[in-house]
Amino acid sequence: MPLDEATQRAVRGLWEVAVRNGRTPAPVPEADPWEDDDPLDGDRAWVPVEVPGDPSLVVRLYRHGEDVVVVEDTVELDVPRRDTARVLEALLTGAARRRHRARGLVGNLLGIVMHNPQPSDLVVTVHDDDPALAPRTYEAPIILATMTSGWLLGLPTAPDTGR
């Protein structure tokens, strides 16, 4: 997929955030500017920016501007382009939290039956440069699997919002 200017700016911004936090991203696959767009890809085509380390992060930059931040290969946060770099920064600086979903004995038993004894969500809150704008929160379920890392399970818990 040839990179458009908006995607190139997003890649540069993600690299800047990662390097500023001591994490050099893996090389971004070079897109061939002479190659025609594959009509089968359309808006589904994405460019990966991988930030190896702990936590392992991969940002999928989609042409339509709705990106996905994959944390530890198990959690996928849907993030609009305006906040993608902020979410990456929050994850790299330890601002992410975990919110428990199961409440009480019945909730915990149901989690065990569903093979997820610690049902919880990854919660990332970002703030805009303009203090008049309200913070935005992105969250996605943490699915316990063989690949679930200690980094995810060791996150501090977020306050309960009554959800």
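A short tour of the structure in this document, coming up.

What counts, and where the lines are drawn
- Residues numbered from 1 in each chain as written.
- Predicted model: local features only at pLDDT ≥ 70, side-chain atom pairs only at ≥ 80, totals over all residues.
- Heavy atoms only, no water.
- Helix = DSSP H or I, 4+ residues; strand = E, 2+ residues; numbered from the N terminus.
- Buried < 20%, exposed > 50% of the residue type's maximum accessible area, 1.4 Å probe, protein only.
- Contact = heavy atoms within 4.5 Å.
- Pairing = 2+ DSSP bridges.
- Axes fitted to C-alpha atoms, helices over the stretch in contact; angles between N-to-C directions.
- Phe/Tyr/Trp six-rings, centres within 6.5 Å; stacked < 30°, edge-to-face > 60°.
- Lys NZ or Arg CZ within 6 Å of the ring centre and 35° of its normal.
- Polar contact = N/O pair within 3.5 Å; in protein donor to acceptor, adjacent residues only side chain to side chain.

1. Brief notes about the overall build of the chain
Summing up its helical and strand segments, the chain has four helices and seven strands in all. Going residue by residue from the N terminus, the α and β elements of the chain occur as α-β-β-β-β-α-β-α-β-β-α. In the chain, buried positions account for 39% of the 163 residues. Put simply, 54% of the contacts in the chain that link residues at least 6 apart link residues at least 24 apart.

2. As for the sheet that holds strand β4 (residues 75-80)
A sheet is described by the order of its strands in space; here four strands give the open sequence β1-β2-β3-β4, paired in antiparallel fashion. Strands at the two margins of the open sheet, each flanked by one partner only, are β1 (46-51) and β4. Across the sheet, the axes of successive neighbouring strands diverge by a mean angle of 20 degrees, strand direction being ignored. Sheet contacts for helix α2 (residues 81-92): β1, β2 (57-62), β3 (66-71) and β4; angle to β4, the most-contacted strand, approximately 140 degrees.

3. As for the packing of aromatic side chains
Inspection of the entire model under this criterion finds one aromatic pair. Seen in terms of ring centroids, Trp46 and Tyr62 are 6.4 Å apart; in terms of plane orientation they differ by 45 degrees. Their pairing is tilted. Here Trp46, found in strand β1, pairs with Tyr62, found in strand β2; they are 16 residues apart in sequence, far enough to count as distant. A cation sits over an aromatic face here: Arg60 above Trp46, 5.0 Å from the ring centre.

4. Observations concerning the sheet that holds strand β7 (residues 136-142)
Read across the sheet, three strands follow the order β5-β6-β7 without closing on themselves; strand pairing throughout is antiparallel. Of all strands in the sheet, those with a lone pairing partner are β5 (97-100) and β7, marking the two edges. When strand polarity is set aside, the average angle formed by the axes of neighbouring strands in this sheet is 30 degrees. Two strands pair when backbone bridges link them, and β5 and strand β6 (residues 120-126) are joined in this way by four bridges, in the antiparallel orientation. Note that in β6 the partner of Arg98 across the bridge is Leu122.

5. Quick notes on the environment of Leu91
With respect to the secondary-structure elements, Leu91 resides in helix α2. The exposure class assigned to Leu91 is buried, which follows from its relative accessible area of 2%. Among residues more than four places away in sequence, those in contact with Leu91 are Pro55, Leu57, Val69, Val71, Ala96, Leu122, Val124 and Trp151.

6. So, the side chain of Asp67
Looking at the element boundaries, Asp67 is found in strand β3. Looking at Asp67, its side chain comes within polar contact range of the side chain of Arg81, at 2.7 Å. A polar contact is formed between the side chain of Asp67 and the side chain of Thr84, at a distance of 2.9 Å. Apart from the residues lying within four places of it in its own chain, the contact partners of Asp67 are Arg60, Leu61, Tyr62, Leu77, Asp78, Val79, Arg81 and Thr84.

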